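Observations on chain architecture
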Amino acid sequence: MMRMLMRRSSKQLRPRNWFLFKQLESGSQNLSVNGITFFSFYFPQIVFLFHLIYTLVKDYCFCNFFSNFLSLTKFHCNLSVLMKKAHKTMQAMKLVNPFASLSEEIKSTILDCLDEDSETKKSFSLVCKSFHSIESHQRKTLKPLYIELISRILTRYPLIHHVDLTYCPRVEDRVLWSISNAYWSTLKSINLSRSRFFTHMGLSSLASKCWGLIELDLSNATELTDAGAAAIAEAKNLEKLWMARCKLVSDIGIGCIAVGCKKLKLICLKWCVRLTDLGVGLIATKCKDIQSLDLSYLLITEKCLVPILQLQYLKELILVECPGIDDVGLGILKESCKSLEVLNISKCHNMSNVGLFSLINGAERLSHLSLAYGSAVTDDFAKCWYKLSGLKSIKLDGCLVTFSTIKAIGDWCVSLKELSLCKCPGVTDEGVSYIAQRLLQLQKLDITCCHKITCASIDSITNSCSSLTSLRMEACCMVAQEAIVLIGQRCQSLKELDITDNEIDDEGLESISRCTKLLSLKMGVCPNITDCGLSHVAMSCQKLIELDLYRCISITDDGIAAVANGCPALESINMAHCDKVTDASLLSLSQCLQLKVLEIRGCPCVSSVGLSAVATNCKKLSILDIKKCCNIDDTGMISLARYSQYLKQINLSYCPVTDAGLVALASISRLQNMTILHVTGLTPNGVVAALFAFRGLMKVKLHTSFKASIPQSVHSVMEHRGCVFHWRNKAFQVETDPNGWQIQLPRHDG
């Protein structure tokens with residue numbers, strides 16, 4: 001390709017680094033990153049090619065060609081690493097730096113084509129000074145790991161729009177002052193949902209100085225008071241505000257926000273338990289542009305619903321578990337909000353079909369309705385469905401339903417695309433078969449724990465719902481193996497399938513392998529599937545991202561190897577209590593470079609050798625559960641500390657880890673959540689040393705036996721950093737008979 005372009009342009013164009021190109025054209029060597037070999041010429045030639053192409057095609061055409069070229073050469077995500085290596089090569093050869101001749105547009109295009117992870121961008125910025133400068137000015141999102149470095153970060157990145165402080169549990173007012181001073185003209189959103197210790201003074205600085213601030217997440221700010229809410233009111237252009245669990249904010253504070261932030265379009269007040277009808281009513285009265293309103297778990301009544309339902313732009317209303325809303329109060333409502341599209345009244349036990357009828361009366365655009373875990377959906381509810389013919393999604397999880405109700409849904413909601421009947425005891429073959437034949441556009445169906453349905457239901461679903469993309473049917477104990485085969489034969493558009501705890505064997509898996517579009521497959525507690533069936537899935541379902549094999553006790557290393565080879569995009573795998581898998585499985589999974597979640601608790605044959613292989617290659621690993629992996633010791637911890645810098649959560653209970661291994665983990669800067677129960681190799685001094693070393697830890701689960709041994713000063717230091725201790729007094733668990741696990745061992749033990 002290069003020579004073709006050279007021939008076409010040699011008579012017309014002579015770029016300034018033409019001589020450099022002629023020098024490098026005669027030399028060649030292989031470039032290899034992560035085992036991938038690229039073109040057999042010096043990397044600077046590629047850079048020159050970009051420059052030449054830009055000269056030929058000038059503007060937007062270059063961008064398209066460049067993107068295609070990156071895809072063709074298969075070094076899209078490794079480009080920055082190659083650039084750095086090439087730069088060193090040029091220095092060693094005492095050649096002119098080819099990057100200096102690139103225009104700003106080319107540099108920006110290269111940067112746009114790189115992966116979003118910080119390490120790639122960091123490598124890019126280290127290539128040369130000009131690359132460092134353009135990366136600093138082009139970055140729009142900031143997510144610091146350590147709040148102590150905020151001053152340097154603010155200096156380097158002057159044009160930030162979005163600040164995410166979820167890795168920083170302790171954010172004091174001085175930090176918010178620095179951010180507001182640095183980004184007063186550019187800041188659009190800031191996330192403080194995992195941060196504490198700031199006060200109304202810091203919020204006032206943000207709200208008053210950053211006039212462009214439109215999004216603010218203060219979820220879990222349990223110490224935020226009305227003074228803080230009043231400070232938020234200074235953000236006159238605020239459009240989205242999350243205040244979930246701000247339990248000290250009252251009507252006074254929310255009233256200040258209502259008066260000051262009149263441009264609000266979204267507000268979440270979930271668990272703001274001190275709010276009453278007065279405060280919520282003020283929000284509805286003053287903020288006329290609200291489109292989404294979450295009032296879950298508030299002690300409100302129908303009094304505040306009157307102004308809420310008069311909001312002409314309201315699209316989403318969430319009223320989960322609001323006990324003060326009942327049929328009597330709703331009876332006074334004349335008409336619902338005409339613009340309402342999403343209504344969630346889950347767990348509202350005091351509301352029957354009478355109240356629902358009042359709430360939806362006039363809501364002509366309603367498309368999503370959730371009544372989960374509320375009152376029984378009896379025959380009387382059937383009278384409401386004719387008003388809901390435009391519904392696209394209905395969730396009745398945990399509700400007692402009757403055939404009349406299901407029949408009414410099938411008759412009136414023919415355009416339904418999502419239906420959830422999870423744990424509905426009244427669901428039978430008759431009802432499922434009826435809706436399957438009526439709801440021909442259905443795409444998502446959840447019949448988890450519907451114990452009365454049989455093969456007849458699956459036959460109707462697979463025969464009629466040809467557009468089905470998601471089917472959840474965990475613990476449908478009456479469904480036989482033959483029905484699983486039908487799923488593979490007829491529902492080949494499926495992207496999500498949950499057949500956990502069902503009768504399925506290798507024949508069923510071979511049929512399911514026809515669903516080549518599958519992204520998520522959950523089949524835990526299916527003891528009859530073996531490596532043979534899993535291999536069929538691995539060969540055909542190459543787009544698979546999530547795989548759950550919990551307690552699939554017949555699966556061995558061969559099956560996991562097939563998955564690793566056939567599903568390179570795998571991000572999550574659960575092999576908990578698959579006691580036949582060994583280090584060979586982990587060595588195979590180390591080929592899945594996108595792996596983020598690995599659950600191998602209760603796998604006694606895996607060791608630090610296999611874990612080290614995963615840590616070395618799977619750099620994106622963020623969640624790891626190695627509970628009761630009795631052969632994973634300090635060696636595995638040291639490997640994690642060295643390579644798994646994206647690890648956020650780890651459970652190492654019952655592992656033979658000592659103080660040295662725990663202290664080693666402290667070098668993982670993103671680690672936020674640890675569970676350490678019955679780790680007999682730990683000493684109180686070792687735990688104290690490790691806790692001091694961890695800088696970003698937010699939650700630690702420890703056995704109560706350590707509580708008295710950890711000095712109060714350590715508690716104070718960790719609390720000062722924003723870390724919370726969760727003490728557990730669980731007795732030491734001895735492995736039980738595999739045949740009796742369902743009775744003796746809970747599915748999600750701590």
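Conventions we followed
Residues numbered from 1 in each chain as written. Predicted model: local features only at pLDDT ≥ 70, side-chain atom pairs only at ≥ 80, totals over all residues. Heavy atoms only, no water. Helix = DSSP H or I, 4+ residues; strand = E, 2+ residues; numbered from the N terminus. Contact = heavy atoms within 4.5 Å. Phe/Tyr/Trp six-rings, centres within 6.5 Å; stacked < 30°, edge-to-face > 60°. Buried < 20%, exposed > 50% of the residue type's maximum accessible area, 1.4 Å probe, protein only. Lys NZ or Arg CZ within 6 Å of the ring centre and 35° of its normal. Patch = residues over 30% accessible without salt bridge, like charges linked within 9 Å, V, L, I, M, F, W, Y side chains within 5 Å. Areas by Shrake-Rupley, 256 points an atom, 1.4 Å probe, with all protein chains shown as cover. Salt bridge = Lys/Arg side-chain N within 4 Å of Asp/Glu carboxyl O. Axes fitted to C-alpha atoms, helices over the stretch in contact; angles between N-to-C directions. Parallel < 35°, antiparallel > 145°, perpendicular 65-115°, else oblique. Left-handed = near helix turned anticlockwise from the far one by under 90°. Nonpolar A, V, L, I, M, F, W, Y, C, P; charged D, E, K, R; others polar. Core = buried A, V, L, I, M, F, W, Y, C linked by side-chain atoms within 4.5 Å. pLDDT = per-residue confidence, 0-100. Pairing = 2+ DSSP bridges. Right-handed = clockwise from strand over helix to strand, strands pointing away.

**Observations concerning the environment of Lys347**
- Looking at where Lys347 falls in the secondary structure, it is placed in the loop between strand E11 (342-344) and helix H17 (353-360).
- On a C-alpha basis, the gap between Lys347 and Cys399 in space is 9.6 Å, while along the polypeptide they are 52 residues apart.
- Once residues within four sequence positions are removed from consideration, Lys347 is found in contact with Tyr297, Val320, Glu321, Ala372, Tyr373 and Gly374.

**Side note on the packing of aromatic side chains**
- Tallied over the entire structure, the rule returns 3 aromatic pairs.
- Look at Phe403 and Tyr434: their rings are 6.1 Å apart centre to centre, the planes differ by 75 degrees, and that puts the pair in the edge-to-face class. Taken together, the residues span a long stretch of sequence, with Phe403 in helix H18 (residues 403-412) and Tyr434 in helix H19 (residues 429-438) at a distance of 31 residues.
- For Phe403, a relative accessible area of 27% puts it in the partly exposed group.
- On the basis of relative accessible area, Tyr434 is assigned to the partly exposed category, the value being 22%.
- When the ring of Phe725 is compared with that of Trp727, the centres are 5.4 Å apart and the planes differ by 10 degrees; the resulting orientation is stacked.
- Residue Trp727 is classed as buried on the basis of its relative accessible area of 19%.
- Over the face of the ring belonging to Trp271 we find Lys247, whose NZ or CZ atom lies 5.6 Å from the ring centre.
- In this arrangement the basic side chain of Arg695 is found over the ring face of Tyr146, its NZ or CZ atom lying 3.8 Å from the centre.

**Section: helix H14 (residues 277-286)**
- Of the positions making up H14, those classed as buried are Asp277, Gly279, Val280, Gly281, Ile283 and Ala284.
- For H14, the secondary structure elements touched by its buried residues are helix H13 (251-260), strand E8 (266-268) and helix H15 (302-308).

**Brief notes about a nonpolar patch on the surface**
- A contiguous nonpolar patch, built from Phe357, Tyr386 and Trp412 and spanning about 300 Å² of accessible area, is present on the exposed surface.
- You can see Tyr386 is positioned in the loop between strand E12 (368-370) and strand E13 (393-395).

**A short note on the packing of helix H29 (residues 684-693) against helix H30 (residues 712-721)**
- Relative to each other, H29 and H30 sit at 25 degrees, their axes nearing to 10 Å. Here H30 runs roughly parallel to H29, going by the angle between their axes. Relative to H30, the crossing made by H29 is left-handed. Each of Val688, Leu691 and Phe692 in H29 lies in contact with H30, whose residues at this interface are Val714, Val717, Met718 and Arg721.
- For the contact of H29 with H30, a count of residues per class yields 6 nonpolar, no polar and 1 charged.

**Focus on the nonpolar core**
- Core analysis: the biggest nonpolar cluster contains 199 residues, and Trp385, Leu598, Ile626 and Leu665 have the highest contact counts within it.
- What Leu598 contacts, discounting residues up to four positions off in sequence, is Ile573, Met575, Leu586, Leu589, Val614, Leu621, Ile623, Leu624 and Asp625.
- Listed in part, the 6 residues of the second largest apolar core include Ile110, Leu111, Phe124 and Phe131.

**Quick look at the environment of Leu691**
- Looking at where Leu691 falls in the secondary structure, it is placed in helix H29.
- On a C-alpha basis, the gap between Leu691 and His715 in space is 9.5 Å, while along the polypeptide they are 24 residues apart.
- Not counting residues within four places of it along the chain, the set of residues in contact with Leu691 comprises Leu697, Val700, Ile710, Val714, Met718, Arg721 and Phe725.

**Considerations on unusual backbone geometry**
- The backbone phi angle of Lys423 is positive, close to 60 degrees, even though this residue is not glycine.
- Secondary-structure assignment places Lys423 in the loop between strand E14 (418-420) and H19.
- What makes Lys423 partly exposed here is its relative accessible area of 46%.
- Here Val525, not a glycine, exhibits a phi torsion of approximately 55 degrees, which is positive.
- For Val525, the location among the structural elements is in the loop between strand E18 (520-522) and helix H23 (531-540).

**Details of the side chain of Ser296**
- When you line up the elements, Ser296 lands in the loop between strand E9 (292-294) and H15.
- Owing to a relative accessible area of 2%, Ser296 belongs among the buried residues under this scheme.
- Excluding its chain neighbours within four sequence positions, the residues that come into contact with Ser296 are Leu269, Lys270, Trp271, Ile318, Leu319, Val320 and Cys322.

**Points about helix H21 (residues 481-490)**
- Most of H21 sits out of view: 7 of its 10 residues are buried.
- Three or more residues of H21 are buried, namely Gln481, Ala483, Ile484, Val485, Leu486, Ile487 and Gly488.
- Of the surrounding secondary structure, the elements contacted by the buried residues of H21 are helix H20 (455-464), strand E16 (470-472), strand E17 (496-498) and helix H22 (506-512).

**Some words on the pattern of salt bridges**
- Following the criterion strictly, the structure yields 14 salt bridges and no others.
- For Glu215, the salt bridge is made with Lys240, and the minimal N-O distance between the two is 3.9 Å. Of this pair, Glu215 sits in strand E6 (residues 215-217) while Lys240 sits in strand E7 (residues 240-242), and the two are 25 residues apart along the sequence.
- One salt bridge in this structure joins Asp411 and Lys407, with 3.0 Å as the shortest N-O distance. A residue pair is termed a helical-turn pair when its members lie 3 or 4 positions apart in one helix, as Asp411 and Lys407 do in helix H18 at 4 residues.
- What emerges from the salt-bridge pattern is a single network uniting Glu135, Arg139 and Arg156.

**Focus on the confidence of the model for the protein**
- Put simply, the protein has an average pLDDT of 85, and 83% of its residues get 70 or more.
- In the predicted structure, residues 1-80 sits below a pLDDT of 50 and forms 134 contacts with residues beyond four places in sequence or in another chain.
- Per-residue pLDDT stays below 50 along residues 736-750; that stretch engages in 23 contacts with residues further than four places along the chain or on separate chains.

**Thoughts on the packing of H20 against H21**
- Where H20 meets H21, the closest approach of the two axes is 9 Å, and the angle between their N-to-C directions is 5 degrees. In this view, H20 runs roughly parallel relative to H21, as classed from their interaxial angle. Across from Cys455, Ile458, Asp459, Thr462 and Asn463 in H20, the residues of H21 making contact are Ala483, Leu486, Ile487 and Arg490.
- Among the residues making up the contact of H20 with H21, the classes are represented as 5 nonpolar, 2 polar and 2 charged.

**What to know about the pairing of strand E25 (residues 699-703)**
- As paired elements, strand E24 (residues 673-676) and E25 share 4 bridges and run parallel to each other. Opposite Met674, over in E25, you have Val700 as the bridge partner.
- On the question of chirality, the crossover connecting E24 to the parallel E25 by way of H29 is right-handed.
- Across 5 bridges, E25 lies against strand E26 (residues 724-728) in parallel orientation. Opposite Leu702, over in E26, you have Trp727 as the bridge partner.
- Taken together, E25, H30 and E26 form a β-α-β motif whose crossover is right-handed.

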